[in-house]
Amino acid sequence: QVRVVESGGGLVQTGGSLTLSCGSSARILMRNAMAWFRQAPGKERELVAAIDWSGSKTSYVDSVKGGFTISRLDAQNTASLQMKSLKPEETAVYYCNVGGSWNGTTCVPDRTFWGQGTQVTVSS
């Protein structure tokens, strides 16, 4: 059974930074795109950042451009999301999805390989 494990969430003040990490098996991570999503209470889950299998292509939702950076380190079977200048409206549960495909613009997530989510709370 493939596990997808996120870590790094927590409570931070407005303007602060956090780095989320996502770990999974090499079989799933390598040669596949992956992405970070988030879901705030009462809202739809949205794609925040994505990276292709090679790490050379990335995409971000407009609201996080310039503040978030997605990266992957296949040698360690991990991927990360660096988040800077956080705002209260970015409070959400953040999910990692692995094993996806790249459609030329962003990641098309895999239906199965989701993590359990990690809570990010930004206080005002």
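### Points about the pattern of salt bridges
Point 1. Applying the stated criterion across every chain, the model contains five salt bridges.
Point 2. Across the pair Asp 74 and Arg 72 runs a salt bridge, and its minimum N-O distance is 3.1 Å.
Point 3. By relative accessible area, Asp 74 is classed as partly exposed at 24%.
Point 4. In this structure, the salt-bridge partner of Glu 90 is Lys 87, at a minimum N-O distance of 3.8 Å.
Point 5. Of the residues examined, Glu 90 reaches a relative accessible area of 4% and is grouped as buried.
Point 6. What makes Lys 87 partly exposed here is its relative accessible area of 32%.
Point 7. Salt bridges here are not isolated pairs; linked through shared partners, they connect Arg 38, Glu 46, Lys 87 and Glu 90.

### Considerations on the side chain of Ser 24
Point 1. Mapped onto the elements of the fold, Ser 24 is located in the loop between strand 3 (18-23) and helix 1 (26-29).
Point 2. At a separation of 2.9 Å, a polar atom in the side chain of Ser 24 contacts the main-chain carbonyl oxygen of Arg 3.
Point 3. Sequence-distant contacts of Ser 24, that is, excluding residues within four places in its chain, are made with Val 2, Arg 3, Val 4, Leu 29, Asn 77 and Val 98.

Conventions adopted
Residues numbered from 1 in each chain as written. Predicted model: local features only at pLDDT ≥ 70, side-chain atom pairs only at ≥ 80, totals over all residues. Heavy atoms only, no water. Salt bridge = Lys/Arg side-chain N within 4 Å of Asp/Glu carboxyl O. Buried < 20%, exposed > 50% of the residue type's maximum accessible area, 1.4 Å probe, protein only. Helix = DSSP H or I, 4+ residues; strand = E, 2+ residues; numbered from the N terminus. Polar contact = N/O pair within 3.5 Å; in protein donor to acceptor, adjacent residues only side chain to side chain. Contact = heavy atoms within 4.5 Å.

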